[in-house]
Amino acid sequence: DSFGDGWNGGTLTVVSNGVTTTHTLATGDQGSSTFQVVSGQPVVITWTVGAFAFEPSFELLDPDGATIIALGNP
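In this report, we go over the structure that sits alongside the text. All residue numbers refer to position in the chain's written sequence, counted from 1. Owing to the predicted nature of the model, reporting of local features is limited to residues with pLDDT of at least 70; listing and counting of side-chain atom pairs is limited to 80 or more, with chain, interface and lining totals taken over all residues. Calculation of side-chain values draws on the structure's entire complement of heavy atoms; hydrogens and water are dropped beforehand.

## With respect to the environment of Pro63
Piece 1. Secondary structure elements are taken from DSSP: a helix is a run of H or I of four residues or more, a strand is a run of E of two residues or more, and numbering for both begins at the N terminus. With respect to the helices, strands and loops of the structure, Pro63 is situated in the loop between strand S4 (57-61) and strand S5 (67-72).
Piece 2. Residue classification places Pro63 among the exposed positions, given a relative accessible area of 86%.
Piece 3. Residues Pro63 and Val14, spaced 49 residues apart in sequence, show a C-alpha to C-alpha distance of 16 Å. A 1.4 Å probe rolled over the protein chains alone gives each residue an accessible area, and that area as a share of the maximum for its type sets the label: buried under 20%, exposed over 50%, partly exposed in between.

Encoded structure:
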């Protein structure tokens, strides 16, 4: 979060292999969260914006640490 106060209600919702998990940054400017995926199965990720849409950013990494996708305002 570029302002350092968390995502202000913003969340990433992940559906993988029928399991739904929700991830957020409650406070601070950075954090991490993990979720499991099953090879060959679809993964659906939905971003829900919080109170300050211009502040948050996120990056999804594969198990080797390579960036899959990076979005937002770092």
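## Some thoughts on a nonpolar patch on the surface
Piece 1. On the surface, Val37, Val43 and Ile45 cluster together into a nonpolar patch covering about 210 Å² of accessible area.
Piece 2. In this fold, Val43 is placed in strand S3 (residues 43-48).
Piece 3. Look at Val43 and you get partly exposed, because its relative accessible area is 33%. Each patch groups residues whose relative accessible area exceeds 30% and which form no salt bridge, using 9 Å between like charges and 5 Å between nonpolar side chains of Val, Leu, Ile, Met, Phe, Trp and Tyr. Only the protein chains shown count as cover for residues, with accessible areas throughout obtained via the Shrake-Rupley method and a probe of 1.4 Å. Should a side-chain nitrogen of Lys or Arg be within 4 Å of a carboxyl oxygen of Asp or Glu, the pair is scored as a salt bridge.

## Focus: the layout of surface pockets
Piece 1. Only protein atoms enter the 1 Å grid, on which a cavity is a set of points fitting a 1.4 Å probe that cannot get out and a pocket is an open set with protein on both sides within 12 Å along at least 5 of 7 lines, lining residues being those with an atom within 4 Å of a point. Grid points are joined across faces, edges and corners, and a volume is the space filled by probe spheres set on the points. Estimated volume of the largest pocket: approximately 800 Å³.
Piece 2. Those elements that provide at least two residues to the lining of the largest pocket are S3 and S4.
Piece 3. Ranked by residues supplied to the lining of the largest pocket, first place goes to S4 with five residues.

## Considerations on the pairing of S4
Piece 1. The side-chain alternation of S4 yields one buried face, formed by Phe58 and Leu60, and one unburied face, formed by Ser57, Glu59 and Leu61.
Piece 2. Between any two strands, at least two bridges found by DSSP are needed for them to pair. Of the pairings in the sheet, the one linking S4 to S5 comprises five bridges and is antiparallel in character. Residue pairing across strands places Leu60 opposite Ile69, the latter belonging to S5.
Piece 3. Counting the residues that bridge the hairpin from S4 to S5 gives five residues, and of these Gly65 lies at a positive phi of roughly 90°.

## A closer look at the sheet that holds S3
The strands that make up a sheet are held in pairs by hydrogen bonds between backbone atoms, and each pair lies either parallel or antiparallel.
Piece 1. On the basis of which strands lie adjacent, the open sheet formed by three strands has the order S2-S1-S3 and antiparallel pairing. On the outer flanks of this sheet lie strand S2 (19-23) and S3, each paired with one strand and no other. Within this sheet the neighbouring strands show an average axis-to-axis angle of 15°, counted without direction.
Piece 2. The pairing of strand S1 (residues 11-16) with S3 spans six bridges and is classified as antiparallel. Bridge pairing links Val15 to Val44 in S3. To get an axis, a line is fitted to the C-alpha atoms, and for a helix only the part in contact is used. The angle between two axes follows their N-to-C directions and goes from 0 to 180 degrees.

## Here's the deal with the environment of Gly72
Piece 1. Mapping Gly72 onto the fold places it in strand S5.
Piece 2. In this structure the C-alpha to C-alpha distance between Gly72 and Glu55, which are 17 residues apart in sequence, comes to 7.6 Å.
Piece 3. Should any heavy atoms of two residues lie within 4.5 Å, those residues are considered in contact. Once residues lying within four places of it in the same chain are set aside, the contact partners of Gly72 are Pro56 and Ser57.

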